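# Fold and geometry: a report
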Amino acid sequence: MLIACSAQAENGPELQRQQQLQQMVLHDCGACHGMSLKGGLGPALTPAMLEGKSDDLLVEVILGGRENTAMPPWNSLLNASEATWIVKQLKSGAIGAK
Amino acid sequence: MDRKTTQIRRHRRKVTMKYRALAGLFIAASTTLVAWAAVRGTGDLGIIIERTSGSITVVETTQHTVLGRIPGLGDLSHASAVFSRDTRYAYVFGRDGGLTKIDLLEQKISHRVIQAGNSIGGAISQDGRLIAVSNYEPGGVRVFDSETLQPVADIPAIHGAGDAVSRVVGLVDAPGNRFVFSLFDAGEIWIADFSDRDNPEILKLTGAGNQPYDALITPDGRYYIAGLFGEDGLALVDLWQPQQGIRRILPDYGRGEEKLPVYKMPHLEGWAAAGDHLFVPAVGRHEVIAINRHDWSEAQRIPVHGQPVFVMARPDGRHLWVNFALPDNDTVQVIDASTMAVVHELKPGKGVLHMEFTPRGEAVWVSVRDTDRVNVYDTGSFRQITAIDVEKPSGIFFTARAHMTGL
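Structure report, in brief. None of the values given here were measured: they were computed from a predicted structure.

We now examine the pairing of strand E15 (residues 178-183) of chain B. Residues and elements named next belong to chain B. For E15, a buried count of six out of six residues is recorded, marking the element as mostly surrounded by other parts of the structure. With burial as the criterion, each face of E15 is covered, one bearing Arg-178, Val-180 and Ser-182 and the other bearing Phe-179, Phe-181 and Leu-183. In this sheet, E15 lies alongside strand E14 (residues 168-174) in antiparallel orientation, the contact comprising five bridges. Residue pairing in the sheet places Ala-174 in a bridge with Arg-178 of E15. Note that E15 and strand E16 (residues 188-193) share six bridges and pair antiparallel.

Residue and element names in this part refer to chain A. Taking the largest bend as the criterion, helix H2 (residues 15-33) deviates by roughly 35°, centred on Met-24. Turning to H2, its buried residues are Leu-21, Met-24, Val-25, His-27, Asp-28, Cys-29, Gly-30, Ala-31, Cys-32 and His-33. Immediately downstream of H2, the backbone of Gly-34 shows phi near 90°, a positive value.

Our focus in this paragraph is the sheet that holds strand E31 (residues 363-368) of chain B. Residues and elements named next belong to chain B. If you trace the four strands from one edge of the open sheet to the other, you get E30-E31-E32-E33, paired in antiparallel fashion. Of all the strands in the sheet, just strand E30 (352-357) and strand E33 (384-389) have a single pairing partner and so form its edges. The mean inter-strand angle of the sheet, taken between neighbouring strand axes irrespective of direction, is 20°. Looking at chain direction, strand E32 (residues 373-378) and E33 are connected through five bridges and run antiparallel.

All names here are of chain B. In total, this model carries eight aromatic pairs over all chains according to the counting rule given. For the ring pair Trp-321 and Phe-357, a centre distance of 6.2 Å and an interplane angle of 85° mean the geometry is edge-to-face. Of this pair, Trp-321 sits in strand E27 (residues 319-324) while Phe-357 sits in strand E30; the two residues are 36 residues apart in sequence, bridging distant segments of the chain. In terms of burial, Trp-321 and Phe-357 fall into one category: buried. Note on Trp-365 and Phe-398: the rings are 5.3 Å apart at their centroids and 85° apart in plane angle, and the pair reads as edge-to-face. Taken together, the positions of Trp-365 in strand E31 and Phe-398 in strand E34 (residues 393-398) put the pair 33 residues apart, joining distant regions of the chain. Through a chain of ring-to-ring contacts, three or more aromatic side chains come together here, namely Trp-321, Phe-357, Tyr-377 and Phe-382. Here the guanidinium or amino end of Lys-101 rests over the ring plane of Tyr-89, the centre of that ring lying 4.5 Å away. For Lys-204, the ring lying beneath its charged end belongs to Trp-190, and the centroid distance is 4.4 Å.

To continue, consider the interface of chain B and chain A. The partner chain A presents 24 residues to the 21 residues of chain B that form the contact. It is Arg51(B), Tyr263(B) and Leu326(B) in chain B that bury the most area against chain A; as a group they hold 30% of the surface buried on that side. Summed over the shared surface of chain B and chain A, the number is one salt bridge. Viewed at the interface, chain A and chain B are joined by nine residue pairs in polar contact (both at pLDDT 80 or more).

What counts, and where the lines are drawn
Residues numbered from 1 in each chain as written. Chains lettered and ligands numbered in written order. Predicted model: local features only at pLDDT ≥ 70, side-chain atom pairs only at ≥ 80, totals over all residues. Heavy atoms only, no water. Buried < 20%, exposed > 50% of the residue type's maximum accessible area, 1.4 Å probe, protein only. Helix = DSSP H or I, 4+ residues; strand = E, 2+ residues; numbered from the N terminus. Pairing = 2+ DSSP bridges. Bend = angle between axes of the 7 residues up to and from the residue. Axes fitted to C-alpha atoms, helices over the stretch in contact; angles between N-to-C directions. Phe/Tyr/Trp six-rings, centres within 6.5 Å; stacked < 30°, edge-to-face > 60°. Lys NZ or Arg CZ within 6 Å of the ring centre and 35° of its normal. Contact = heavy atoms within 4.5 Å. Buried area = accessible area lost by both parts, 1.4 Å probe. Salt bridge = Lys/Arg side-chain N within 4 Å of Asp/Glu carboxyl O. Polar contact = N/O pair within 3.5 Å; in protein donor to acceptor, adjacent residues only side chain to side chain.

Printed below as a string of structure tokens:
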């Protein structure tokens, strides 16, 4: 039990939190990026759009926001490992556009 | 002829007439049985957007019941609706550019077109004959015949010297069969006059400010006000004298203060007027701003629970109901318009996305995304009257909007 938990922590958020994050991306990020993440006020966050952009940079944008744009900093609601997990999901297309 | 026979004859005639009338009814009933059985008005109807399923739920607000559910409307993640003036049809604007005309009585889609790649909202003209949609992609406004959804006009939001195209927000209808909208990326406000529908005239006003994100029109249809995301203040146009251009109001609002993160863009649609004031959500501050309607100065800042999203006036203007962005989207606060103080707070559940008052305001319907419910409250006692199951509900739109400018 303990071992399983610590292993999960290293791989990112736990399963239940992953589900929450997935909902959050669709609904809350989706409010600006579109629920299918094909864009709205914010740009599309589809694998094609994110291709070639470094994970670190994208994590930084998510946590810190982008000054003078509508992209807010999420660091009070997400930690670094959660933002990293979201970036991986977005890049692989596991969340979003069907 | 004696008295008795006359009476009998009269009686016979009455009987035959009765039978004829009955036979007529039977024929009518058997040919249009469904429609006949469902005869009703539409003044107490409304629709609720189901965000994730691409469906809408048709409701009536007298008995608080669901009348039906209509699937097949595409991506409704930022959907809104307007109504035909006979309040039989709803026009639903989907995120994916879908424009769907719905027959509320027969509860079916009557027309549907995909008119753009990414859209944000729409409006119906003063005469009820045109539907305009504001698009992000391709940026601009497209106008359709409300009867057939056939295209009438295309207004690309090309601005500046080159061929830059702006996303369009804050589209409303205005008297004179006009549509007014804002160019998010260009800081312009355009007025499209469709009084001659085949030759629309467009007046372009520059200098609205940085990133107008949404707009409202006063209920008399005279003033158009756009909120700015990229800087402080709001942009005002007097539609009685549009050639006078844009006037900036509240330019110093919050100057020099640190802005809080905005996790969801506020909306200006639910404009709220009570007495001498107009109430709007602040951007990046946990405040509702009361603006003096006569000189457009700041009258008061009302501290609230979080970043306000909708500030909706009860139809009598006495109370304002406010919901909030993440992480406070489980809360609704009620402000008294005369004292400008919060008088009540509710916790309907996580993901409170929208609120809509019944036509005369005795009840308010509140959509709560994460509980898959729409809660109905008594606006006098704040007690919950009932709740209705709706999958991931967001926008709620009642047919009373049909007769209000800007809605």
